[in-house]
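Observations on the three-dimensional arrangement
Residue strings, one per chain:
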Amino acid sequence: MTSWPCMLGGILVVLEATAQPPIAIMDLGPAGSGKSLVELEESSVFFEIRAGLLFIEAKLDGITGRYVVDTGAPGLVINRKPEKTGELSGRGVTGSMDVEEVIVEQFSIGAVRFHKLNAYKIDLGYLEDRLQCKIDGLIGYDVLKEMETVFDYPGRVITFLPLSEPLTQEDKRAGYVGFSLANHIPVVDAQLGKREIRLGLDTGAGANVLNTSLGKPYQNKQAAQGNLRGADRNLRRSAMVQAPVVIEGYEENGKALDYWLMDLSQIRSDLDYSIDGLLGFPFLKQGKWSIDYVAQRIYFWN
């Protein structure tokens, strides 16, 4: 059986010794050839924020569980220890882990239902211990690409819209930013000083992240230090800086936000093209926005 080495970014990387949140970004290389069936209907679900992560209830084969909505994940990830090893392997910023690809008979979020859906088994038990909460899995690209997903952070509601769904008078899109896909990760163009950079949009990141080399001009502005621990349990030392990142096409630019510095060299080498950081919870929580993978647009809502 062929072994596929594949990048698993920093699946829920926890910043040790502080109250700082986790980072989630992953890639699993070649996906299975199975074709899932999906039943789409407008549906809204409430979410809980814990450590900067968005937890919702969803059903896997009729069993309700707690899942993280994660635009940094390639698809549905199930928190189970892989039974088969060697067919698919994961590689992250701090090490590697076992992954098993499976087919889920039915997965549903509110009124949205998937049948015969490709999914991945990864043991996230250690992360449950670190965050002191139950994690049944992650909901990523293969699920979210089928619809427009509206994130209302102030209202703590996620709404799934069929791509042909007309807008109501009460909820109008105020503008948008285009994005490209680095594998499955939505990436926006940005500016840091005089340098053009690319940032991945990651609802599974409890913090903003910059590649370590970009933080050098700003390292004296923050003295915060911490350890980043990945799903593989290895530790990496990290520091926090304040950086005035400007997003191309985003009207509310100019505010300096905190970014944790992280070595993204492994992620950069395994993606279709390199990214320079992640926009996580501190950036995304500022309002209501949606993502449409087909149009490759991030919409900002009134």
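To be clear, the structure that these remarks concern was listed above.
Every value quoted in this text rests on a predicted model; they were computed, and no experiment measured them.

Overview of the overall build of the chain
Of the regular secondary structure elements, the chain holds four helices and 26 strands. Each of the 302 residues in the chain was classed as buried or not, and the buried ones make up 55%. Across the chain, every contact between residues at least 6 apart in sequence was considered, and the portion connecting residues at least 24 apart equals 70%. Roughly 13100 Å² of accessible area belongs to the chain as shown, and the carbon and sulfur atoms make up 45% of that amount.

Observations concerning the nonpolar core
Counting 54 residues, the largest nonpolar core has Leu 76, Phe 107 and Ile 139 as the members making the most contacts within it. Beyond its immediate chain neighbours, meaning those up to four positions away, Phe 107 contacts Ala 58, Lys 59, Leu 60, Tyr 67, Leu 76, Val 112, Arg 113, Phe 114, Leu 117 and Ile 139. Residues Leu 53, Phe 55, Leu 124 and Cys 133 belong to the second largest nonpolar core, which totals 15 residues.

Overview of the sheet that holds strand E14 (residues 157-161)
In a beta sheet, neighbouring strands pair by backbone hydrogen bonds and run either parallel or antiparallel. Here six strands make up an open sheet; going across it, the order is E4-E14-E13-E25-E26-E15 and the pairing antiparallel. On the outer flanks of this sheet lie strand E4 (43-46) and strand E15 (173-178), each paired with one strand and no other. Ignoring which end each strand starts from, the neighbouring axes of this sheet average 20° apart. Two elements, E15 and strand E26 (residues 297-301), share five bridges in a ladder whose sense is antiparallel. Each residue of the ladder has a partner; that of Gly 175, found in E26, is Phe 300.

Rules of the game
- Residues numbered from 1 in each chain as written.
- Predicted model: local features only at pLDDT ≥ 70, side-chain atom pairs only at ≥ 80, totals over all residues.
- Heavy atoms only, no water.
- Helix = DSSP H or I, 4+ residues; strand = E, 2+ residues; numbered from the N terminus.
- Buried < 20%, exposed > 50% of the residue type's maximum accessible area, 1.4 Å probe, protein only.
- Contact = heavy atoms within 4.5 Å.
- Areas by Shrake-Rupley, 256 points an atom, 1.4 Å probe, with all protein chains shown as cover.
- Core = buried A, V, L, I, M, F, W, Y, C linked by side-chain atoms within 4.5 Å.
- Pairing = 2+ DSSP bridges.
- Axes fitted to C-alpha atoms, helices over the stretch in contact; angles between N-to-C directions.

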